[in-house]
Amino acid sequence: MEVKTASFEKLATPATTTVSGAEAVIKCLLEEGVETIYGYPGGAIMPVYDELYKYQNKIHHVLTRHEQGATHAAQGFARVTGKVGVAMATSGPGATNLVTGIADAQIDSTPLVCITGQVGSHLLGSDAFQETDIVGISTPITKWNYQITKAEEIPEIIARAFYIARSGRPGPVLIDITKDAQFASLEFSYKKCSGIRSYKPEPEISMPQLEKAAEAINSAKKPFIVFGQGVILGAAEKLLKQLVEKTGIPAAWTILGLSALPTDHPLNVGMVGMHGNYAPNMLTNECDVLIAIGMRFDDRVTGNLEKYAKQAKVIHFEIDPAEIDKNVKADVPVLGNVKKTLALLLELVEGNKHEAWHQEFKDLYKIEYDKIIKNDLNAERGKIGMAEVIDEINTCSKGDAVIVSDVGQHQMVACRYSKFNQTRSKVTSGGLGTMGFALPAAIGAKMGAPNREVVAIIGDGGYQMTIQELGTIFQTKTPVKIVILNNGFLGMVRQWQQLFFDKRYASTEMVNPDFVTIAKGYHIKTNQVTERAQLAEAVKEMMESKEAYFLEVKVEQEENVFPMVPTGAAVSEILLE
């Protein structure tokens, strides 16, 4: 017994060594398995960068061209890998430049740890050079944040940061470290965080609620599943597939849920929401049981809440109690990690096919196909359509590529027409709708999935918000594929101006530079397509390239994306033209 106790005590007391706070930061990251950091150095974080220089054979630092690019790249990395993305910046403007990416990660539940340098603790509150209260600024947009002023705090706080970022409903965490804490010494030892007394990442599962859910599903005549990113974050994709195949329930996805179920699966009925497919939007208001899995009833999904699924019994599978009843009242809330709750539900539900109900989806799809899809993919009309480009990428990728899209018309088209065979294949900015997201996010996605083709689909507007990240691609030789769908407009805003503001195109027409010449300046392979006859070969050449590739496609200028649910309308009031 004494030998066992001695052995246990030896294991429970990690060896210590004296290091600086800056080196402790790097050692903590190594303990958490971090191999890639995205960042931009500056005065207040320089001690950490000095230590990082010594560890460059263990941690790959990617120098982005802007701190916002660092957060989006870290997001892309996190989204394709399921790991925590790491971004680092200095104080003041360096820290505030992270804010957009942090806010994006918060609303899209992306696990990030952002580390910022800060002025010395004796200068806090004095308006010192490059001092900004980043903890105060980021409090509303982080899952947790903390300012370290003493070196000895570093191991425990960083361990907590990673635990909080990745556990439960994931999200971004920010750690601000004063410069004196980076220089000071500490006795370093590291213990990964496995729990915090005041933080419960997963709620307890209620079997009575699961039984109620199963009873409602088993007795339903027209059940309908809408699944979101929670299925992906919970690694419950196989369970979702088993559930729809056992019950025969048609399933539709939110844009962040896309790729959790293969797009060609016979029970996958398409996308819900403002520019979603006709059938799932219309039949949301005809189903008798609506089963929401890992989604939050965003306004772009629900349309007018007063007219959303009022006839249906709503079952909501959700890990975050704050989402229950926030927008849509749940008749049967089922709290817990969906990987656990779906596994239990599978044991309770009965097999079914719902053939007549499925036929209703097929009939409405035929209407959408004849009215919209056939025309979107029609190679006989005038200028190239956005969907034609996506379709050519599908032909080359066979559904195995990662598609990263920016925000706007091209985003909706990419979501509607991209084909996916495997999960974690669609990366986009959902809740925040951040233009400029795609180019840096594609860099992170490619580094996270080096063996997969990563294609960024970007509009000419959003592209210019982070175009400087071409420098990151050039320096790191990251072989991402960049497709610019150039219509010379801020397309989504222009569409609204056309439909709802009598074609008053106020500040939406773009006078663009020569994108091909700019890409060539970064020594990136380039091509431009202006005629349909060039498209297939150009896409094929891009997809077969082993290097980064830039392809500009001049598309129809005033093309609109339909179907469309107008603001204030019910999802069943969706427009086909």
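Keep in mind it's a predicted model, so treat the numbers as computed, not measured.

## Regarding the pattern of salt bridges
Next, step 1: Applying the stated criterion to the full structure yields 22 salt bridges.
Next, step 2: For Glu156, the salt bridge is made with Arg160, and the minimal N-O distance between the two is 3.7 Å. A residue pair is termed a helical-turn pair when its members lie 3 or 4 positions apart in one helix, as Glu156 and Arg160 do in helix 8 (residues 154-166) at four residues.
Next, step 3: Where Asp370 meets Lys366, a salt bridge forms, and the shortest distance between an N and an O atom there is 2.6 Å. Of this pair, Asp370 and Lys366 are both found in helix 16 (residues 355-376), four residues apart, which corresponds to roughly one turn of the helix.
Next, step 4: On the accessibility criterion, Asp370 (31% relative accessible area) is partly exposed.

## Describing the domain arrangement of the chain
Next, step 1: Structurally, the chain comprises domain 1 (6-188), domain 2 (207-360) and domain 3 (383-554).
Next, step 2: Between the C-alpha centres of domain 2 and domain 3 the distance comes to 31 Å.
Next, step 3: In this assembly, 18 residues from domain 2 lie in contact with 19 residues from domain 3.
Next, step 4: A combined buried area of about 1,500 Å² lies between domain 2 and domain 3, and 59% of that area is made up of carbon and sulfur atoms.
Next, step 5: Looking at the side of domain 2 facing domain 3, the largest losses of area belong to Ile255, Ser259 and His275, adding up to 36% of the total buried there.

## Brief notes about the layout of surface pockets
Next, step 1: Approximately 630 Å³ is the volume attributed to the second largest pocket.
Next, step 2: Forming the walls of the second largest pocket are 27 residues, and the residues nearest its centre are Thr263, Asn268, Val269, Tyr365 and Lys419.
Next, step 3: The set of elements that each furnish at least two residues to the lining of the second largest pocket consists of strand 11 (268-271), helix 13 (278-284), helix 16, helix 17 (386-397) and helix 18 (409-417).
Next, step 4: At eight residues, the largest contribution of residues to the lining of the second largest pocket is made by helix 16.
Next, step 5: Across the lining of the second largest pocket, the residue classes tally to 12 nonpolar, eight polar and seven charged.
Next, step 6: Each of domain 2 (207-360) and domain 3 (383-554) gives at least three residues to the lining of the second largest pocket.

## Remarks on empty space enclosed by the protein
Next, step 1: Applying the stated criterion to the full structure yields three cavities of 30 Å³ or more.
Next, step 2: In this structure, the largest cavity spans a volume of roughly 70 Å³.
Next, step 3: Lining of the largest cavity is provided by Arg79, Gln229, Ile232, Leu256, Leu258, Ser259, Arg424, Ser425, Lys426 and Val427.
Next, step 4: When its residues are assigned to classes, the lining of the largest cavity shows four nonpolar, three polar and three charged.
Next, step 5: Each of domain 2 (207-360) and domain 3 (383-554) accounts for three or more of the residues forming the lining of the largest cavity.

## As for a nonpolar patch on the surface
Next, step 1: A surface patch of nonpolar side chains, amounting to about 200 Å² of accessible area, comprises Ile205, Met207 and Leu344.
Next, step 2: Looking at the element boundaries, Ile205 is found in the loop between strand 8 (185-188) and helix 10 (207-219).
Next, step 3: Its relative accessible area of 30% is what places Ile205 among the partly exposed residues.

## Some thoughts on the sheet that holds strand 9 (residues 223-227)
Next, step 1: Pairing is parallel in the open sheet, where six strands are placed in the order 11-10-9-12-13-14. Each edge of the sheet is formed by a strand with only one pairing partner; in this case those strands are strand 11 and strand 14 (332-335). The average angle at which neighbouring strand axes cross in this sheet is 20 degrees, direction not considered.
Next, step 2: Pairing of strand 9 with strand 10 (residues 251-253) involves three bridges; the strand directions are parallel.

## Observations regarding helix 2 (residues 21-31)
Spacing of three or four residues puts side chains on the same side of an α-helix, whose turn is 3.6 residues.
Next, step 1: In terms of burial, helix 2 is a largely internal element, eight of the 11 residues being buried.
Next, step 2: The set of residues buried in helix 2 consists of Gly21, Ala22, Glu23, Ala24, Val25, Ile26, Cys28 and Leu29.
Next, step 3: Two residues or fewer after helix 2 comes Gly33, characterised by a positive phi angle close to 80 degrees.

## Topic: the side chain of Thr302
Next, step 1: Inspection of the secondary structure puts Thr302 in helix 14 (residues 299-302).
Next, step 2: When its relative accessible area of 1% is taken as the criterion, Thr302 is described as buried.
Next, step 3: In this structure, Thr302 is in contact with Phe297, Tyr308, Val328 and Val571, ignoring residues within four places of it in sequence.

## What to know about the sheet that holds strand 18 (residues 481-486)
Next, step 1: With respect to topology, six strands assemble into an open sheet ordered 16-15-17-18-20-19, the strand pairing being parallel. Because the sheet does not close on itself, it has two edges, and the strands there are strand 16 (426-428) and strand 19 (525-529). When strand polarity is set aside, the average angle formed by the axes of neighbouring strands in this sheet is 15 degrees.
Next, step 2: Inspection of the sheet shows strand 15 (residues 402-405) paired to strand 17 (residues 454-459) by four bridges, in the parallel sense. Looking across to strand 17, one finds that Val402 is bridged to Val454.
Next, step 3: Of the strands in this sheet, strand 15 and strand 16 touch helix 4 (residues 67-81), which is tilted by about 150 degrees from strand 16.
Next, step 4: Those strands touched by helix 24 (residues 532-544) are strand 17, strand 18, strand 19 and strand 20 (549-554), and its axis lies near 160 degrees from that of strand 20.

## Focus: unusual backbone geometry
Next, step 1: The residue after Phe562, namely Pro563, is reached through a cis peptide bond having omega 0 degrees.
Next, step 2: For Pro563, the location among the structural elements is in the segment after strand 20.
Next, step 3: In the Ramachandran plot, Asp325 falls in the positive-phi region, its phi being about 65 degrees despite a non-glycine side chain.
Next, step 4: If you trace the backbone, Asp325 turns up in the loop between strand 13 (313-318) and strand 14.
Next, step 5: Even without being a glycine, Lys503 presents a positive backbone phi close to 60 degrees.
Next, step 6: Tracing the sequence through the fold places Lys503 in the loop between helix 22 (491-500) and helix 23 (515-521).

Calculation rules
- Residues numbered from 1 in each chain as written.
- Predicted model: local features only at pLDDT ≥ 70, side-chain atom pairs only at ≥ 80, totals over all residues.
- Heavy atoms only, no water.
- Salt bridge = Lys/Arg side-chain N within 4 Å of Asp/Glu carboxyl O.
- Helix = DSSP H or I, 4+ residues; strand = E, 2+ residues; numbered from the N terminus.
- Buried < 20%, exposed > 50% of the residue type's maximum accessible area, 1.4 Å probe, protein only.
- Domains from an automatic or database assignment.
- Contact = heavy atoms within 4.5 Å.
- Buried area = accessible area lost by both parts, 1.4 Å probe.
- 1 Å grid on protein atoms, 1.4 Å probe; cavity = no way out; pocket = protein on both sides within 12 Å on 5 of 7 lines; lining within 4 Å.
- Points joined across faces, edges and corners; volume = space filled by probe spheres on them.
- Nonpolar A, V, L, I, M, F, W, Y, C, P; charged D, E, K, R; others polar.
- Patch = residues over 30% accessible without salt bridge, like charges linked within 9 Å, V, L, I, M, F, W, Y side chains within 5 Å.
- Areas by Shrake-Rupley, 256 points an atom, 1.4 Å probe, with all protein chains shown as cover.
- Pairing = 2+ DSSP bridges.
- Axes fitted to C-alpha atoms, helices over the stretch in contact; angles between N-to-C directions.

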